[in-house]
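Observations on the model geometry
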Amino acid sequence: CSSTWPPPRTASGGVTVTSPSETARGNFAVYDLTKRLITLIGAVQLDRAGSQVMGSRLVIDLDSGRAVIDGGAPGVGQSGGRVTGHFTVPKKTS
């Protein structure tokens with residue numbers, strides 16, 4: 001039997017994770033302290049600089065700052081969900 005210490009922390013019921021540059025929301029979260037990963041699941045939304053990306057699952061790597069969002073795992077007879085977004089392009093300065 002293998003175990004992870006410290007064990008992952010979980011939260012549910014509408015979870016918000018914030019940083020100076022972005023805000024992520026989801027229905028459920030798992031924080032793996034050992035791997036330094038935060039995984040948000042269910043109705044996930046990532047807001048950054050006026051842009052939004054929505055999907056089923058978001059994984060944030062706290063070491064690299066990389067955030068990966070997807071439509072969720074495919075189920076029986078399904079190919080998985082979709083990722084949608086609204087993007088704000090900064091105005092070009094001259």
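Everything below is about the structure printed above this text.
Residues numbered from 1 in each chain as written. Predicted model: local features only at pLDDT ≥ 70, side-chain atom pairs only at ≥ 80, totals over all residues. Heavy atoms only, no water.

1. What about the pairing of strand E1 (residues 9–18)?
Definition in use: Exposure classes here rest on a 1.4 Å probe applied to the protein chains alone. A residue is buried below 20% of its type maximum, exposed above 50%, and partly exposed in between. Only DSSP runs of H or I with at least four residues qualify as helices, and only runs of E with at least two residues qualify as strands; both kinds are numbered from the N terminus onward. We call two strands paired when DSSP finds no fewer than two bridges between them.
Counting buried positions along E1 yields 1 of 10 residues, so the element is predominantly exposed. Taken together, the 8 bridges between E1 and strand E2 (residues 22–32) define a ladder with antiparallel strand orientation. Considered in E2, the bridge of Thr 16 is made with Arg 25. Connecting E1 to the antiparallel partner E2 that follows it, the hairpin turn spans 3 residues.

2. Topic: the nonpolar core
The condition that has to hold: Residues enter a nonpolar core if they are buried and are Ala, Val, Leu, Ile, Met, Phe, Trp, Tyr or Cys, with the set joined through side-chain atoms within 4.5 Å. Note on contacts: a residue pair qualifies if any of its non-hydrogen atoms lie within 4.5 Å across the two residues.
Of all hydrophobic cores here, the largest spans 11 residues; its members are Val 15, Ala 24, Ala 29, Ile 38, Leu 40, Val 44, Leu 46, Val 53, Leu 58, Ile 60 and Ile 69. Contributions of two or more residues to this core are made by E2, strand E3 (37–48) and strand E4 (51–61). No other element matches E3, which puts 4 residues into this core. Setting aside residues up to four positions removed in sequence, Leu 58 forms contacts with Ala 24, Ile 38, Thr 39, Leu 40, Val 44, Leu 46, Ala 67, Val 68 and Ile 69.

3. So, the pattern of salt bridges
Pairing between side chains becomes possible if they bear opposite charge and their charged atoms approach one another. Selection rule: In what follows, salt bridge is the name for a side-chain nitrogen of Lys or Arg lying within 4 Å of a carboxyl oxygen of Asp or Glu.
Summed over all chains, the structure comprises 4 salt bridges. Between Asp 70 and Arg 57 there is a salt bridge, with the nearest N and O atoms lying 2.8 Å from each other. Placement of the pair is Asp 70 in strand E5 (residues 67–70) and Arg 57 in strand E4, with a sequence separation of 13 residues. On the accessibility criterion, Asp 70 (24% relative accessible area) is partly exposed.

4. A look at the side chain of Glu 22
Spelled out, the test is: Between N or O atoms, a polar contact is any pair within 3.5 Å; within protein, one atom must be a potential hydrogen donor and the other a potential acceptor, and residues adjacent in sequence are included only when both atoms are from side chains.
Tracing the backbone through its elements, the reader meets Glu 22 in strand E2. Accessibility expressed as a relative area gives 12% for Glu 22, which makes it buried. A distance of 2.3 Å separates the side chain of Glu 22 from the side chain of Arg 48, its partner in a polar contact. Sequence-distant contacts of Glu 22, defined by excluding residues within four places in its chain, comprise Val 17, Leu 46, Asp 47 and Arg 48.

5. A word on the environment of Lys 35
By secondary structure assignment, the location of Lys 35 is in the loop between E2 and E3. The exposure class of Lys 35 is exposed, given its relative accessible area of 56%. Separated by 27 residues in the primary sequence, Lys 35 and Leu 62 have C-alpha atoms spaced 8.7 Å apart.

6. Some thoughts on the pairing of E5
Relative to E5, E4 is paired through 4 bridges, and the arrangement is antiparallel. For Arg 57, the partnering residue across the bridge sits in E5 and is Asp 70. Connecting E4 to the antiparallel partner E5 that follows it, the hairpin turn spans 5 residues, and Gly 65 within it adopts a positive phi of roughly 80 degrees.

7. Thoughts on unusual backbone geometry
Of note in this structure, Ala 43 is not a glycine but carries a positive phi near 50 degrees. Looking at the secondary structure, you find Ala 43 in strand E3. Positive phi is not limited to glycine here, since Ala 49 has a value of about 50 degrees. Relative to the elements of secondary structure, Ala 49 occurs in the loop between E3 and E4.

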